[in-house]
Amino acid sequence: MKIAFVGKGGSGKTTLSSLFIRHLAATGAPVIAVDADINQHLGPALGLDEAEAAALPAMGERLPLIKEYLRGGNPRIASAETMIKTTPPGEGSRLLRVREDNPVYDACARPVELDGDVVRLMVTGPFTDADLGVACYHSKTGAVELCLNHLVDGAGEYVVVDMTAGSDSFASGMFTRFDITFLVAEPTRKGVSVYRQYKEYARDFGITLKVVGNKVQGRDDLDFLRAEVGDDLLVTVGHSDWVRALEKGRPPRFALLEDVNRRALHQLRTAVDTTYELRDPERYTRQMVHFHLKNAQSWGNERTGADLAAQIDPSFVLGESAVASAAATA
């Protein structure tokens with residue numbers, strides 16, 4: 001199951017995504033955690049110190065290796081250099097699986113121990129001085145999108161992605177790669193404005209969107225969120241002494257998390273597991289091709305002035321039989 005955590009900056013999405021990752025790991029579930037935010041805070045939220053977090057391998061710096069492995073023997077991809085972030089798998093491409101070992105995980109993932117349980121952590125890498133003025137952050141998150149396009153996951157397997165803040169996720173097609181998206185919203189006008197924007201952008205793409213109310217302090221906050229987001233409000237979270245200790249660098253054992261917050265995390269998992277039966281492989285593949293053709297159109301129009309994407313048959317992008325096979329395994 002692929003899960004995204006989104007929300008405005010400061011809403012607490014990284015904290016909540018890290019709590020959810022801990023919750024899954026504590027049950028023995030296989031988990032891949034991905035930090036795709038420009039502010040790389042997921043590692044510290046999972047208990048890494050500054051030196052350990054800084055030493056994590058950046059996916060953005062290993063993009064050539066990722067492309068070379070994923071393209072495999074796909075005859076339609078002449079070289080790794082021709083792959084872009086939206087390139088879908090086709091006949092001969094290599095796929096990633098949650099439980100396996102492979103060169104991409106060897107290069108980009110590191111095990112993180114959480115009270116005896118272990119998750120794989122992958123990070124896009126920070127925005128560096130070398131990037132200033134010459135690159136956008138999507139050049140780094142493109143590595144995540146490419147991996148998600150080639151990742152096969154099943155029931156009881158979890159890929160949790162801490163996304164960029166606000167509606168920046170819509171700068172690529174990555175927002176369509178998830179079974180469910182949790183939008184973390186504070187009970188404020190700014191908090192719910194991001195929800196409205198996300199809801200509007202996602203409405204035509206079949207996105208399963210649920211709101212997690214954070215920093216809720218009483219009945220008035222709860223009533224405000226219910227009035228603003230309606231049935232999309234899944235659960236709310238209030239103050240946590242456990243989280244405060246984590247933010248001070250002294251996290252207690254996860255078993256000591258407050259019962260009310262433990263129940264909230266259980267509700268999140270139930271919502272995630274329920275979406276497995278709602279998967280639509282044909283839509284997933286159709287959207288994958290849609291955004292790849294949009295990228296091709298943008299690239300081609302800049303260089304030739306012609307509407308190249310309009311001339312491309314989607315079956316050529318994936319391969320005729322691969323359209324069906326990719327849908328079946330997505």
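Refer to the structure presented above.
A few points on the structure. (Residues numbered from 1 in each chain as written. Predicted model: local features only at pLDDT ≥ 70, side-chain atom pairs only at ≥ 80, totals over all residues. Heavy atoms only, no water.)

## Focus: the overall build of the protein
So, step 1. Summing up its helical and strand segments, the protein has 13 helices and 10 strands in all.
So, step 2. Per-residue burial over the protein gives 53% buried out of 330 residues.
So, step 3. Carbon and sulfur atoms make up 50% of the accessible area of the protein, which amounts to about 15100 Å² in all. (Helix = DSSP H or I, 4+ residues; strand = E, 2+ residues; numbered from the N terminus. Buried < 20%, exposed > 50% of the residue type's maximum accessible area, 1.4 Å probe, protein only. Areas by Shrake-Rupley, 256 points an atom, 1.4 Å probe, with all protein chains shown as cover.)

## Re the pairing of strand 8 (residues 180–185)
So, step 1. Of all six residues that make up strand 8, six are buried, and the element is covered over most of its length.
So, step 2. Of the two faces of strand 8, the one lined by I180, F182 and V184 and the one lined by T181, L183 and A185 are each fully buried.
So, step 3. Where strand 1 (residues 2–7) meets strand 8, five bridges bridge the pair, whose relative direction is parallel. Paired with I3 across the bridge in strand 8 is I180. (Pairing = 2+ DSSP bridges.)

## Remarks on the packing of aromatic side chains
So, step 1. The final tally for this structure, using the stated rule, is seven aromatic pairs.
So, step 2. Relative to F291, the ring of F175 lies with its centre 5.8 Å away and its plane at 80°, an arrangement referred to as edge-to-face. With F175 in the loop between strand 7 (158–162) and strand 8 and F291 in helix 11 (residues 281–304), the pair connects residues that are 116 residues apart, well separated along the chain.
So, step 3. A relative accessible area of 3% places F175 in the buried class.
So, step 4. Aromatic pair W242 and F254: ring centres 5.7 Å apart, planes at 85°, arrangement edge-to-face. Placement of W242 in helix 9 (residues 241–247) and of F254 in the loop between helix 9 and helix 10 (259–275) is noted, with a sequence separation of 12 residues between them.
So, step 5. On the basis of relative accessible area, W242 is assigned to the buried category, the value being 2%.
So, step 6. Feature note: the residues F5, F20 and F182 constitute an aromatic cluster, connected by ring pairs.
So, step 7. Its guanidinium or amino end placed over the ring of Y284, R177 lies 4.0 Å from that ring's centre, counting from NZ or CZ. (Phe/Tyr/Trp six-rings, centres within 6.5 Å; stacked < 30°, edge-to-face > 60°. Lys NZ or Arg CZ within 6 Å of the ring centre and 35° of its normal.)

## Some details on helix 4 (residues 63–71)
Because each turn of an α-helix spans 3.6 residues, side chains separated by three or four positions end up pointing in the same direction.
So, step 1. Turning to helix 4, its buried residues are L63, I66, K67, Y69, L70 and R71.
So, step 2. G72, located one to two residues past helix 4, shows a positive phi value of around 50°.

## Thoughts on the pattern of salt bridges
So, step 1. Applying the stated criterion across every chain yields a total of 18 salt bridges.
So, step 2. For D153, the salt bridge identified is with K2, shortest N-O distance 2.5 Å. Of the two residues, D153 is situated in the loop between strand 6 (151–152) and strand 7 and K2 in strand 1; the sequence distance between them amounts to 151 residues. Across this residue pair, the class does not change: D153 and K2 are buried.
So, step 3. Residues joined by salt bridges that share partners form a network here, namely K2, D153, D179 and R279. (Salt bridge = Lys/Arg side-chain N within 4 Å of Asp/Glu carboxyl O.)

## Remarks on the state of the cysteines
So, step 1. In the structure shown here, the tally under the stated rule is zero disulfides.
So, step 2. There is no disulfide at C147, and the cysteine sulfur nearest it, in C108, is 6.6 Å away. (Disulfide = S-S within 2.5 Å.)

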